[in-house]
Amino acid sequence: MAELAPKELFGSLASIVGGKRVSIVKRDREVYARDMWPRLLINRRQGGELEHLPHAVVWPESEREVAAVIRYANKQGIAVIPYGGGSGVCGGVVPLRGGITIDLKRMDAIQSISREELVTDVQAGANGERFERELRSKGYTLGHFPSSIYCSTVGGWLACRAAGQLSTKYGKIEDRVVGLTFVTGKGEVIKTDEFARARRGPDWTQLIVGSEGCLGIITSARLRISPAPEITVLRGFEFDNVQEGTRAIRKVMQRGLKPAVVRLYDEVDTFINHISIFESHSEEALETDGLCPWPTKDSGALPALPTPGGEGTRKSGGAGERAMGLGRKLASRIKHGATAAALARPKLVNSTFGALANTVSNSGCKMIIGLEGPRLRTEVEAQLTFAAIERAGGRDEGEEPGLRWLAHRYAVSYKMSPLFREGGFVDTMEVASTWERLPDLYESVKAAIAAHAVVMAHFSHAYADGCSIYFSFAGRAEGLQETQNKYDEIWRAGMAAATRVGGTISHHHGIGLLKGQAMHTEHRESMTLFRALKNTFDPNNIMNPGKMGLPLHGEMSIL
Amino acid sequence: MSTKPRPALLAEIKTIVGEGNFSPEGRHCHANPSSASEVSQLAICAAKHQATLIPVGNGGHSTPTDDLRPQILLNMRRMHHVLYLDPTSLVVHAQAGITGLVLEELLNRRGLTLGTFAPEGLGSTLGGLLSVRTPGKSSRQHGTLEDTVLGVSAVLSDGRSLHTRVAPRRASGPDFARVLCGSEGTLGIITSAHLRVHKLPESRLLAAFRLPSMGDAFTAVRLAMREEAAPAAMRIYDRAEAMMHLGEACQRDEALLVAATAGPTSLAACDRDLIASAVSAGGGKRGRDDIAVAWWERRTGKSEHAAPPAPNLQISATPRMLGPVYDAIVVTCEELGVHFRAHASRFDRDGGVLFVSVQGAQGAPLSAKSPKLQAIEEAAESAGAYLLGKPNASLQRYSDLLRDGLDPSSVLNPGVLR
Ligand SMILES: Cc1cc2nc3c(=O)[nH]c(=O)nc-3n(C[C@H](O)[C@H](O)[C@H](O)COP(=O)(O)OP(=O)(O)OC[C@H]3O[C@@H](n4cnc5c(N)ncnc54)[C@H](O)[C@@H]3O)c2cc1C
Ligand SMILES: Cc1cc2nc3c(=O)[nH]c(=O)nc-3n(C[C@H](O)[C@H](O)[C@H](O)COP(=O)(O)OP(=O)(O)OC[C@H]3O[C@@H](n4cnc5c(N)ncnc54)[C@H](O)[C@@H]3O)c2cc1C
């Protein structure tokens with residue numbers, strides 16, 4: 001790329017979208033230089049510099065403008081980075097070669113909702129929560145509820161193959177998409193929303209979904225919607241251990257039942273969750289943290305309808321209570337101040353937590369399970385599901401744990417900020433595999449992370465053939481460089497552990513910059529297919545270069 | 001003038017696949033590999049000798065092409081092994097040359113099934129079924145076979161083998177298996193696939209319903225599915241087709257709806273009841289169960305009746321458009337003075353498939369080239385239908401580019417999808 005003269009760049013872009021919708025101001029460029037990748041947050045909290053800035057930011061309002069900007073960039077060899085909500089957690093929007101960041105949020109129209117076909121056409125920049133709210137007001141739902149629903153976009157979901165909390169029923173976003181309008185890296189507009197099944201040749205929609213802006217920009221999508229559920233049924237269960245809990249989920253899924261949500265927390269995650277019930281932050285307290293916007297009560301899109309169910313049967317006891325006290329102190333130290341000591345010795349903390357979790361009377365593993373949909377079928381399915389879970393060894397804890405999860409389901413991510421403030425970091429690793437490999441995946445990834453950080457996990461997003469595991473970990477080291485090194489080592493070890501046992505490196509967060517190397521370990525020769533797609537849509541490598549294991553500069557050979 | 005395979009090429013093929021698995025025939029040479037590694041060697045050999053490579057499943061023939069290079073017809077049928085059955089995850093890994101029927105039989109013995117696919121669609125090889133996207137062969141409950149794919153193994157034009165990652169779902173890039181599924185052997189040769197399988201249903205309930213018209217029947221199906229009824233299979237017959245397939249008489253515009261619901265008994269019953277209430281909302285009523293039984297026996301190949309002739313028109317439409325498309329066909333056929341009969345099935349979230357048989361004056365089916373059939377196709381298309389089996393014209397250029405990238409010398413199936 002030739003040296004970019006800012007004024008010239010501004011002029012060219014302004015001639016496409018108008019001067020008000022282009023910026024070359026440093027402050028704007030800094031804002032668009034990053035997403036929610038924890039490595040960048042560490043950097044920011046610890047005073048590091050941003051390494052890469054875009055040369056310009058534009059806010060197009062139509063697919064025509066997007067295409068024109070890309071055509072211009074393609075001619076000049078300037079990189080283009082699509083930007084949705086910036087909620088990605090893998091550094092997907094980092095402008096490694098500078099270039100033009102295209103923020104799609106002004107393209108947020110819901111173009112149509114077809115009641116009879118149960119599909120909607122929506123522009124890529126639509127904010128997730130507003131979109132769902134609009135659908136709800138008309139009696140429909142997309143069924144896609146990522147924890148980031150308040151700060152992510154439809155385009156970002158499709159670009160990353162996102163998953164919502166109710167994906168077990170509704171599927172991931174790739175299961176909800178019928179077709180796309182897409183601007184290629186050459187600035188050409190294509191549509192893949194013809195009745196795909198009727199056409200010969202590959203299913204193009206599925207070749208674009210998940211490409212994270214490396215092939216082009218999704219400008220709108222046709223998505224499947226469902227009638228808003230008439231009822232929601234939630235329940236908590238407890239299992240002796242992870243093995244029994246996962247076996248129960250597998251049985252339910254393989255019987256063809258479709259709960260909307262199943263979450264099984266491992267012993268440590270159960271334990272930490274348990275503690276936070278006793279000393280949970282009040283919503284008011286969190287609202288006052290300027291860095292943590294807090295969803296209000298009415299902002300959850302899902303209504304919770306109570307169902308008849310047993311009372312909670314939480315046990316308490318002498319030794320258990322004492323252990324709980326200890327654990328609470330430890331967890332509280334991690335949460336507030338004194339994190340340094342705890343997080344610097346992850347092995348000790350992991351083993352202490354593990355032991356505590358076992359000591360706490362019958363703590364076992366908690367499961368949240370819920371179904372929703374039309375009344376008749378959901379009731380029948382719920383009876384079958386809960387009975388199957390009980391038969392598989394689950395102890396019914398009534399609906400209360402489920403309702404509690406529902407009420408706080410967007411909250412957990414907002415609790416991370418304090419840890420960064422204390423100089424530590426938190427991140428999540430979401431891997432998946434078939435059921436057969438799941439125990440190996442769980443043990444090996446957990447061990448890989450536990451060597452460096454405090455780690456816990458839950459199993460969510462279940463399928464008849466497998467499940468995903470969501471590891472949360474917290475760590476700390478002295479100084480920016482060491483913290484980053486430790487952070488990198490956790491990811492390197494975790495990804496290697498996942499691929500070694502035949503799991504996938506990502507179930508729904510995507511790849512970005514973070515997992516670029518691991519893409520090659522996972523796909524090996526299949527990367528050939530990705531390179532071929534890249535050359536097909538973006539032969540000059542201007543689209544989000546250097547991401548997803550694709551090269552930063554220049555041409556590449558496919559075969 | 002087409003080119004015959006040279007002796008050097010033939011000798012090399014023979015070394016790769018062994019004496020009994022190779023036979024030259026004019027410009028073709030049939031080669032029957034037994035493993036992915038042999039397929040890979042054959043690809044390298046084809047490139048070296050400037051020959052083309054045509055994968056052949058159960059079709060047994062290649063698409064005519066004006067490409068004059070010698071052709072290696074890669075008959076996949078020796079690659080017919082189940083490589084692994086994972087009973088915990090309900091996933092089977094099978095080679096591409098096994099037919100759906102053989103695989104289904106093996107699975108059935110273990111209480112498993114590929115899904116509720118009609119056996120008539122499963123005579124093809126796994127490789128053929130995955131390579132050609134045919135909604136005509138899909139199942140209501142389990143989609144097309146490509147929807148059951150967790151991963152594929154394939155050989156590219158340069159002989160390189162690849163295995164896409166096997167996972168229930170991933171967010172590590174686009175779905176690479178889908179590059180190969182549907183590509184009709186033009187981007188790579190599928191050598192094996194990991195497929196999701198299912199437990200045989202605990203119970204299956206069959207029911208038949210009568211509705212005042214085809215339009216009412218389409219609406220009933222749509223309403224039932226909106227209530228999340230998830231039958232294993234469903235079919236709507238018009239009057240002529242009901243008579244032809246089931247020997248069942250209907251009133252003039254009446255439509256016959258048959259459904260199989262399956263799974264845990266209470267859920268299967270619930271699904272059947274949801275369909276029944278959608279039918280009654282549309283002015284229909286329950287029909288005799290033996291009609292549904294006759295349908296199911298025919299569908300599963302247990303009926304003694306001869307199979308009816310294949311339909312000469314297969315079209316898809318979205319749920320809302322199925323009725324208007326059917327009506328457009330009625331009107332056009334009346335105008336043209338031809339008879340037709342139709343049934344619809346393969347209903348899923350996106351729509352369904354209409355199978356139409358059109359006959360000329362003497363009762364013989366109209367040929368594909370008949371102007372009358374073309375007029376009916378046009379009428380259906382303008383009413384909102386999609387004719388099956390057409391390439392996606394608007395994406396042809398990208399298809400070609402992708403193909404040039406993966407197979408620069410156009411070795412694989414040069415006559416197909418151009
Ligand atoms: C608190 C929190 C909770 C989260 N919870 C979940 C969760 O429950 N489930 C889940 O799946 N993810 C979750 N995430 C991750 C993140 O929200 C998702 O990856 C989301 O899909 C990103 O959407 P976005 O609009 O913010 O995209 P961005 O972060 O703006 O972009 C992500 C990537 O997609 C590309 N991109 C964006 N828009 C387009 C477009 N229109 N066309 C082409 N490429 C584009 C970008 O270039 C970038 O590479 C969470 C993140 C946070 C911070
Ligand atoms: C466009 C089209 C639409 C069709 N629609 C229907 C339909 O709706 N209903 C119906 O009953 N039948 C349909 N058929 C016919 C046929 O039943 C299907 O194509 C079937 O899937 C073919 O399986 P087969 O084993 O007979 O393969 P073949 O007929 O031998 O091969 C089919 C195609 O796939 C390629 N192929 C075969 N094996 C492999 C492999 N392992 N790797 C890569 N490529 C391979 C072949 O080169 C060929 O191009 C259709 C065929 C075509 C071409």
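Rules behind the numbers
Residues numbered from 1 in each chain as written. Chains lettered and ligands numbered in written order. Predicted model: local features only at pLDDT ≥ 70, side-chain atom pairs only at ≥ 80, totals over all residues. Heavy atoms only, no water. Contact = heavy atoms within 4.5 Å. Buried area = accessible area lost by both parts, 1.4 Å probe. Salt bridge = Lys/Arg side-chain N within 4 Å of Asp/Glu carboxyl O. Polar contact = N/O pair within 3.5 Å; in protein donor to acceptor, adjacent residues only side chain to side chain. Nonpolar A, V, L, I, M, F, W, Y, C, P; charged D, E, K, R; others polar. Pairing = 2+ DSSP bridges. Helix = DSSP H or I, 4+ residues; strand = E, 2+ residues; numbered from the N terminus. Domains from an automatic or database assignment. Expected span 1.5 Å × (residues − 1). Buried < 20%, exposed > 50% of the residue type's maximum accessible area, 1.4 Å probe, protein only. Axes fitted to C-alpha atoms, helices over the stretch in contact; angles between N-to-C directions. Parallel < 35°, antiparallel > 145°, perpendicular 65-115°, else oblique. Left-handed = near helix turned anticlockwise from the far one by under 90°. Lys, Arg positive; Asp, Glu negative; His and termini not counted. Near = heavy atom within 4 Å.

### Things to note about the interface of chain B and chain A
Contact with chain B, which involves 83 residues of that partner, is made by 88 residues of chain A. Taking both partners together, chain B and chain A bury about 7,500 Å²; carbon and sulfur atoms supply 56% of that area. The largest contributions to the chain B side of the interface with chain A come from B:Arg133, B:Arg165 and B:Arg169, which together make up 11% of the buried area. The tally of links from chain B across to chain A stands at 12 salt bridges. For B:Glu228, the salt bridge is made with A:Lys169, and the minimal N-O distance between the two is 2.7 Å. Taken together, chain B and chain A are joined by 37 residue pairs in polar contact (both at pLDDT 80 or more). Across the side of chain B that touches chain A, the residue classes tally to 38 nonpolar, 20 polar and 25 charged. With two bridges connecting them, strand β10 (residues 199-200) of chain A and strand β20 (residues 390-391) of chain B associate as parallel partners.

### Digging into the domain arrangement of chain A
Residue and element names in this part refer to chain A. The domain architecture assigned to chain A consists of domain 1 (6-103), domain 2 (110-227) and domain 3 (231-288 + 315-500). In this assembly, 14 residues from domain 2 lie in contact with 17 residues from domain 3. Around 1,400 Å² of area is buried between domain 2 and domain 3 when both sides are counted, 49% of it from carbon and sulfur atoms. Along the contact surface separating domain 2 from domain 3 lie zero salt bridges.

### A closer look at the domain arrangement of chain B
Residues and elements named next belong to chain B. According to the domain assignment, chain B consists of domain 1 (7-75), domain 2 (82-199), domain 3 (203-308) and domain 4 (309-408). In this structure, domain 1 and domain 2 have C-alpha centres spaced 23 Å apart. Counting from both sides, the interface comprises 12 residues of domain 1 and, opposite them, 14 residues of domain 2. Surface buried jointly by domain 1 and domain 2 totals about 800 Å² across both partners, of which 67% is contributed by carbon and sulfur atoms. Every element with two or more residues in the side of domain 1 that touches domain 2 is listed here: α2 (36-48) and β3 (52-56). Broken down by element, the side of domain 1 that touches domain 2 gets its largest block of residues, five residues, from α2. Its residues placed into classes, the side of domain 1 that touches domain 2 shows seven nonpolar, five polar and no charged.

### Considering helix α16 (residues 375-391) of chain A
Between its terminal C-alpha atoms α16(A) stretches 24 Å, which fits the 24 Å expected from 17 residues at 1.5 Å a residue. Residues A:Arg377, A:Thr378, A:Val380, A:Glu381, A:Ala382, A:Leu384, A:Thr385, A:Phe386, A:Ala388 and A:Ile389 constitute the buried set of α16(A). Those residues of α16(A) hidden inside the fold are in contact with β13 (231-239), α10 (242-254) and β15 (365-373) of chain A together with α8 (265-281) of chain B. A positive backbone phi angle near 105 degrees is found at A:Gly393, which sits one or two residues after α16(A).

### What about the packing of helix α10 (residues 322-336) of chain B against helix α11 (residues 371-382) of chain B?
Residue and element names in this part refer to chain B. Two numbers describe how α10 lies on α11: the axes approach to 8 Å, and their chain directions differ by 150 degrees. For the element pair α10 / α11, the angle class is roughly antiparallel. Two packed elements cross with a definite hand, and for α10 against α11 that hand is right-handed. Between α10, through Val325, Ala328, Ile329, Thr332, Cys333 and Leu336, and α11, the contact on the second element is made entirely by Lys372, Ala375, Ile376, Ala379 and Ala380. Of the residues belonging to the contact of α10 with α11, the class tally is nine nonpolar, one polar and one charged.

### Overview of the side chain of A:Asp266
Residue and element names in this part refer to chain A. With respect to the helices, strands and loops of the structure, Asp266 is situated in the loop between β14 (261-265) and α11 (267-278). Buried charged residue Asp266 carries no salt bridge. Nearest counter-charge: Lys446, at 4.9 Å. In this structure, Asp266 is in contact with Val242, Cys365, Tyr442, Lys446, Met456, Ala457 and His458, ignoring residues within four places of it in sequence.

### A word on the site of ligand 1
Residues and elements named next belong to chain A. Taken together, 35 residues lie near ligand 1, and Pro82, Gly84, Ser87, Ser148 and Thr153 sit nearest. In the environment of ligand 1, an oxygen atom lies 2.6 Å from a nitrogen or oxygen atom belonging to the side chain of Ser87. Within the backbone of Trp157, one N or O atom sits 3.5 Å away from an oxygen atom of ligand 1. Elements with a minimum of two residues in the shell around ligand 1: β3 (80-83), α6 (154-160) and β11 (216-224). For the shell around ligand 1, the leading source of residues is α6, giving five residues.

### So, the sheet that holds strand β2 (residues 28-31) of chain B
All names here are of chain B. Strand order across the open sheet formed by four strands is β1-β2-β4-β3, with mixed pairing between neighbours. A single partner strand is all that each edge strand has here, and the edge strands are β1 (22-25) and β3. Mean inter-strand twist for the sheet, computed between neighbouring axes without regard to direction, equals 20 degrees. Here β3 runs beside strand β4 (residues 71-75); their pairing, made up of five bridges, is parallel. When the bridges of β4 are listed, Thr52 appears paired with Gln71. Strands β1, β2 and β4 of the sheet are contacted by helix α1 (residues 7-17), whose axis makes an angle of about 155 degrees with β1.

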